[in-house]
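Architecture and fold: a report
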Amino acid sequence: MPNEAQARLTIDRLLREVGWDIENPSRVSVEEAAADGRADYVLKNQRGQPIAVIEAKRFTTDPYGAKSQAKAYAVQLAAPFVILSNGRDHYFWEHDHGDARPVVGFSSPEDLERRANVRVHRLGDLETSIHAIPIPRTFRSQGEDCTTRPYQIECLEKADEALITGRRRMLFEMATGTGKTMTVALLIKRWLQAGVVSRVLFLADRIELARQAHEDFSDYLRAFPLSLLFNGKRSIEGQIVVGTLDTIAGQLGPGGFGHAHFDLVITDECHRSIYNTHRATLGHFDAIHIGLTATPNPGELRWVSHHERQLVRSTYMFFDCWDSAAEEGRPTFGYTLRDGIRDKFLADYRIYLAETRLTFEGVEWDDEQYRFSDWGKTVESVDRLKLIIEEYFRVEEERPQSHPRKTIVFSVGERQATIIARLFNKLLPDDACLRIATQTNRSPGEVRQSFAEKITCYSNNNNPRPLIDAFKFDPLPIIAVSVDMLDTGYNHKEVENLVMLRPTSSALKYAQMRGRGSRLCPRIGKTSFLIYDFVNNHATFNDSAQEYHRPRAVGRRPGEDDDDDTGGGPPPPPPTPPQPREFVTIAEGEVSDEFRRREMILVGPEGLAIDRHDYQDRWRERVIELRQTDPVVGRILSGEAVSEDEWEALRSKLASPDWYFDEHTLKKAFDQPSGSLDDFIRAALGLITLPTREERVERAFNAWLTQHSDAERPEQAHILSLLRNVVLASLKETKYQVLDPIIFTRPPFTFLGGRVRAETIFGGRDGLRDVLEELNAIITAA
């Protein structure tokens, strides 16, 4: 049998499977005369009018190459669609717009006819139809009159442009609190009204996110039939369907959603939805795909995880937004946290950093060694948490108290969360309890017992929803202690404090947690929020652009293998796990703890936590401006001597109230702890290049090696040289971790005898630890 005949048998079967009556010539005709030949198949609507031409090719031929021939047939027959198929590979083509695109199979008669009918109701071609429906400058939602923000208008315009030019995949990067869901609601309504689409699917990976989207859509899009699918609910009803990925995945194919059932598929938090079965779910639909996310790229945050780099790259690639030449993502539209704070649409923030000795140096208890990453997972000290919570209250009580500040505590696990909630209620100062009782119109007893509440998936007999609603809508609780419940997709404008007790090596996760406080709330006068960072998360991702000190003793920062929470996608394959240890609670009074560092970090002159790049740019602009007007800067440029009085006058000019260009701030903004004002001016003028941290560390390390070269034995020198190389390599990957004896249990040191050999070479365990502490101090100061 000829190869093309075999392909046609397969095509016949596939058409039958999706509902085409191929024996009925009023619905499917074969070898129909058209142009200068015959169309292999012509699919027709219920009135017998052609709506699609199928061009069949043999199995071994890529059907994409038959576009010209098939288009001629379609134009002759006035069929809007072309399908190219060899029985295995299939392409669908609206031949008057865009290019042929791969699809998973053939459309059902109902879906294909519906798509043809949508085109009939347009006001001309695609571009004319879209522009016929203006972007609304005002709208009403949730009982409020709203103004469309400038960046939302720009986003909708970019989406229109992308669609008009034939793009069918788009990515919107919009920071938490900027109204992603409302923006796509505006888009959905316009595109439905313009006849661009007729059925829409909104996908979320969590029930809570699906419910929130359904709630937002129910008001603004109330004119369109809307359905919500989760927990396996089966239905194909609704012009707009909001569903969870798992539920929709269970309804693909015969009896459920065919690949052409939806014209527009919007995926919320799309960076978490492009792997394994979830990616297959998205790929099933032949639709315009729009990805929404606040954090596909952490923006100004520093990468720690290679896995996250790959995750972000894959997200961009799925939505056709990856620039391979530049090796970077180019979203259809982007509006970052930095943009939102600058434009006064998002709250700015400060970070209060407090490090306790036990948190970072660990503890030895009952012959077990517990390190930084064990807290909350396998062990907890009541003394440690008590010190942290008392510090929280100390700082809070020094702030204005016009109203209680709603606070989210990010906890590691259930057992830790229970202890935290209990201690917050117990340690609430009496004066604060009485004040909050008056402010909330509750009794002091109610405040004492309900000030803090644990909200996890196990709370309230596995039904945390009433607790979540109480935190959002009721005066109490003030504090919600969360374990993976409120860190993403939870919107509460009144949250003014975030308490980080959960370490993470995920920049995406950190950005999501930080985003819980970013919304403005005019009702309570909220324009900023405060992050209490008790685990130094901000330093891991360089959030603050401030100098910081790495932990230096028993514990170490958790690496990628200590925290599998990347905020999206499956984690990399874990190493063989150790035997789980029973959770240990170290009772109050058993171990002492103390603060080793406390610091309020005001980032930039206005306390912004993301102004580093703006600050650097403005500094260069200011110096170049002074070069033209100030003779002192000109003399610095020419290398002439400058007197102390002239330096002082120049410092006064630079210390403007807008940017505060003083030496101390410049050191932090440029991450140059030993830089001078002269250095920063020369660098701005291009006379010198400021050294990178890697260069500074290498210089300091080499100086230390030279200083100790006379006292070193050859085997010690070899080990130290390897340590230098490991440190420099980690700095290149932006994931330097404190030097700890455990490093000798990994290559390349295992090839030289490992930790035992290293301790022998350096005179025992204490000798090795002394060397590492000295090196850590040098690296930290560089």
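Residues numbered from 1 in each chain as written. Predicted model: local features only at pLDDT ≥ 70, side-chain atom pairs only at ≥ 80, totals over all residues. Heavy atoms only, no water.

So, on to empty space enclosed by the protein. For the structure shown, the criterion picks out five cavities of 30 Å³ or more. The space that makes up the largest cavity amounts to roughly 140 Å³. As for the largest cavity, its lining consists of 15 residues, and the residues nearest its centre are E396, Q401, R435, I436 and F451. When grouped by side-chain class, the residues that make up the lining of the largest cavity number eight nonpolar, three polar and four charged. (1 Å grid on protein atoms, 1.4 Å probe; cavity = no way out; pocket = protein on both sides within 12 Å on 5 of 7 lines; lining within 4 Å. Points joined across faces, edges and corners; volume = space filled by probe spheres on them. Nonpolar A, V, L, I, M, F, W, Y, C, P; charged D, E, K, R; others polar.)

Scored by pLDDT, the chain has a mean of 85; 88% of the residues are at 70 or more. Looking across the chain, the model is least confident in strand β28 (residues 595-601), with a mean pLDDT of 73, and most confident in strand β22 (residues 406-410), with 98. Per-residue pLDDT stays below 50 along residues 545-567; that stretch engages in 102 contacts with residues further than four places along the chain or on separate chains. Here residues 602-611 scores under 50 on pLDDT; set against residues more than four positions off or in separate chains, the count is 29 contacts. (pLDDT = per-residue confidence, 0-100. Helix = DSSP H or I, 4+ residues; strand = E, 2+ residues; numbered from the N terminus. Contact = heavy atoms within 4.5 Å.)

What follows deals with the side chain of H289. Mapping H289 onto the fold places it in strand β14 (residues 288-293). Among the residues examined, H289 registers a relative accessible area of 1% and is labelled buried. Here F285 takes part through its backbone oxygen, which lies 3.1 Å from a polar atom of the side chain of H289. Excluding residues that lie within four positions of it along the chain, H289 makes contacts with R168, R169, M170, V265, L282 and F319. (Buried < 20%, exposed > 50% of the residue type's maximum accessible area, 1.4 Å probe, protein only. Polar contact = N/O pair within 3.5 Å; in protein donor to acceptor, adjacent residues only side chain to side chain.)

At their nearest, the axes of helix α13 (residues 382-397) and helix α14 (residues 414-427) sit 10 Å apart, and the two run at 50° to each other. Relative to α14, the element α13 is oriented oblique. The way α13 lies across α14 gives a crossing that is right-handed. Between α13, through V382, R384, L385, K386, I389, E390, Y392 and F393, and α14, the contact on the second element is made entirely by Q416, I419, I420, R422, L423, F424 and L427. (Axes fitted to C-alpha atoms, helices over the stretch in contact; angles between N-to-C directions. Parallel < 35°, antiparallel > 145°, perpendicular 65-115°, else oblique. Left-handed = near helix turned anticlockwise from the far one by under 90°.)

Reading across the sheet, the seven strands line up as β11-β12-β10-β13-β14-β9-β17 and stay open at both edges, with parallel pairing between neighbours. Of all strands in the sheet, those with a lone pairing partner are β11 (226-229) and β17 (333-335), marking the two edges. Adjacent strand axes in the sheet meet at a mean angle of 15° when their direction is disregarded. Across five bridges, the pairing between strand β10 (residues 200-204) and strand β12 (residues 240-244) is parallel. (Pairing = 2+ DSSP bridges.)

Here we take up the environment of D263. Examined against the element boundaries, D263 turns out to sit in the loop between α8 (245-249) and β13 (264-267). Assessed through its relative accessible area of 9%, D263 is described here as buried. Non-local contacts of D263, meaning those with residues more than four positions away in its chain, are made with R114, R115, V197, S198, R199, A287 and I288. Within the structure, D263 has its side chain in polar contact with the side chain of R115 (distance 3.1 Å).

Secondary-structure assignment places H284 in helix α9 (residues 276-284). A C-alpha to C-alpha distance of 9.3 Å links H284 and A249, two positions 35 residues apart in sequence. One polar contact links the side chain of H284 to the main-chain carbonyl oxygen of F257, over a distance of 3.0 Å.

This part takes up the sheet that holds strand β1 (residues 28-34). By definition, the strands of a sheet pair up through backbone hydrogen bonds, in either a parallel or an antiparallel sense. Reading across the sheet, the six strands line up as β1-β2-β3-β4-β5-β6 and stay open at both edges, with mixed pairing between neighbours. Of all strands in the sheet, those with a lone pairing partner are β1 and β6 (101-103), marking the two edges. With strand direction ignored, the average angle separating the axes of adjacent strands in the sheet is 35°. The sheet contact formed by strand β3 (residues 50-56) and strand β4 (residues 81-85) spans five bridges and is parallel. Its bridge partner being in β4, A56 is matched across the sheet by S85. Strand contacts of helix α1 (residues 3-17): β1, β2 (37-44), β3, β4 and β5 (90-94), with the helix running at about 15° to β2, the strand carrying the most contacts.

Taken together, D766, D770, E773 and E774 make up a surface patch of like negative charges. Looking at the secondary structure, you find D770 in helix α29 (residues 765-781). A residue is classified by how much of its surface remains accessible, and D770, at 49% relative accessible area, is partly exposed. (Patch = residues over 30% accessible without salt bridge, like charges linked within 9 Å, V, L, I, M, F, W, Y side chains within 5 Å. Areas by Shrake-Rupley, 256 points an atom, 1.4 Å probe, with all protein chains shown as cover. Salt bridge = Lys/Arg side-chain N within 4 Å of Asp/Glu carboxyl O. Lys, Arg positive; Asp, Glu negative; His and termini not counted. Charge placed at Lys NZ, Arg CZ, Asp CG, Glu CD.)

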